[in-house]
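Single-letter residue listing:
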Amino acid sequence: METLVNKVAESGIITLDLSGYMVADEQVAAFDLKPFLFREMILKEKDYRAALQTHDWDQYKSKHVAVFCSVDAIIPVWAYMLAASYLQPLVSSIYYGTPAEMKKDILLRNIAAIPTAEYDDKRIVIKGCGDIAIPDAAYVMVTEHLRPVAKSIMYGEPCSTVPIYKKR
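Residues numbered from 1 in each chain as written. Predicted model: local features only at pLDDT ≥ 70, side-chain atom pairs only at ≥ 80, totals over all residues. Heavy atoms only, no water.

1. Re the sheet that holds strand β4 (residues 93–96)
In spatial order, the strands read β2-β3-β4; together these three strands make up an open sheet with parallel pairing. The open sheet has two free edges, formed respectively by β2 (28–32) and β4, since each of these has just one partner strand. Within the sheet, the average angular offset between the axes of one strand and its neighbour, ignoring direction, is 25 degrees. Here strand β3 (residues 64–68) runs beside β4; their pairing, made up of four bridges, is parallel. By the bridge assignment, Val65 is partnered in β4 with Ile94. Set on the sheet, helix α4 (residues 99–112) makes contact with β2, β3 and β4; between it and β3 the angle comes to about 135 degrees. (Pairing = 2+ DSSP bridges. Helix = DSSP H or I, 4+ residues; strand = E, 2+ residues; numbered from the N terminus. Axes fitted to C-alpha atoms, helices over the stretch in contact; angles between N-to-C directions. Contact = heavy atoms within 4.5 Å.)

2. A few points about the packing of aromatic side chains
Per the counting criterion, the structure on display carries nine aromatic pairs. On the basis of an interplanar angle of 20 degrees and a centroid distance of 5.4 Å, the ring pair of Phe31 and Trp57 is categorised as stacked. With Phe31 in strand β2 and Trp57 in the loop between α2 (45–54) and β3, the pair connects residues that are 26 residues apart, well separated along the chain. Relative accessible area serves as the criterion here: at 9%, Trp57 is assigned to the buried category. (Phe/Tyr/Trp six-rings, centres within 6.5 Å; stacked < 30°, edge-to-face > 60°. Buried < 20%, exposed > 50% of the residue type's maximum accessible area, 1.4 Å probe, protein only.)

3. Notes on the confidence of the model for the protein
Averaged over the protein, the pLDDT score is 92; the fraction of residues at 70 or greater is 94%. Across the protein, the secondary-structure element scoring lowest on mean pLDDT is helix α1 (residues 7–10), at 50, and the one scoring highest is β3, at 98. (pLDDT = per-residue confidence, 0-100.)

4. Points about the pairing of strand β7 (residues 160–166)
Both strand β6 (residues 152–157) and β7 contribute to a ladder of six bridges, which runs antiparallel. Residue pairing for β7: Met154 is matched across the bridge by Pro163. Linking β6 to β7, which pair antiparallel, is a turn of two residues.

5. Details of the pattern of salt bridges
Taken as a whole, this structure holds six salt bridges when the rule is applied. In this structure, Lys127 and Asp17 form a salt bridge, with 4.0 Å as the shortest nitrogen-oxygen distance. You can see Lys127 sitting in strand β5 (residues 123–127) and its partner Asp17 sitting in the loop between β1 (13–16) and β2, a full 110 residues away along the chain. The closest approach of N and O atoms between Asp105 and Arg109, which form a salt bridge, is 2.9 Å. With a gap of four residues between them, Asp105 and Arg109 both fall in helix α4, about one helical turn apart. (Salt bridge = Lys/Arg side-chain N within 4 Å of Asp/Glu carboxyl O.)

6. A closer look at unusual backbone geometry
Both trends apply: most residues other than glycine have a negative phi, and most peptide bonds are in trans. One non-glycine residue, Glu40, adopts positive backbone phi at about 55 degrees. Along the chain, the position of Glu40 falls in the loop between β2 and α2. Glu40 gets classed as partly exposed once you look at its relative accessible area, which sits at 40%. For Ser62, which is not glycine, the phi dihedral falls at a positive 65 degrees. Along the chain, Ser62 turns up in the loop between α2 and β3. Here Ser62 falls in the exposed class, since its relative accessible area comes to 53%.

7. Regarding the sheet that holds β7
Across the sheet, which stays open at both edges, the four strands sit in the order β1-β5-β6-β7 with mixed pairing between neighbours. Two strands lie at the open edges of the sheet, namely β1 and β7, each paired on one side alone. Strand-to-strand twist across the sheet, computed as the mean angle between neighbouring axes with direction ignored, equals 25 degrees. As judged from the five bridges shared by β5 and β6, these two strands associate in the parallel manner. Of the residues in β6, the one forming a bridge with Ile126 is Tyr155. Seen against the sheet, helix α5 (residues 136–146) touches β1, β5, β6 and β7 and runs at an angle of roughly 170 degrees to β5.

Structural data, given as structure tokens:
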């Protein structure tokens, strides 16, 4: 009887799943200035300061917080700064922008921090399919980050890949 050989396992290909570098939805919170506006248009400093003092800040504890305004209003820069000053002692990080933008930024920073030594002269497959949608920018970032050290970079699954880069 002939022994089945798993050629993919023996190939030395490293599969890199970018979803492991994403921050979970429950770790991200939104701080929207909209509820603090008068008629969703105007920020009144005195009212805003009073509302911030009574706001429940504990809901943001240990989370990544996206600070933004979801309505088209003119918000002075100091209003974002004031919110950040309340958030800073409690949170993991603060980002100016929407929660989706923050998640993308964290993903890109996490990819940029991947230690390249373990991928030195290796064949890498960047996993292309999964349950979590990965922003296109992440694939560009991981290619830029690993190309200088990789022997080859492919996209897809180890059994069916699209070649991206091969060291000459």
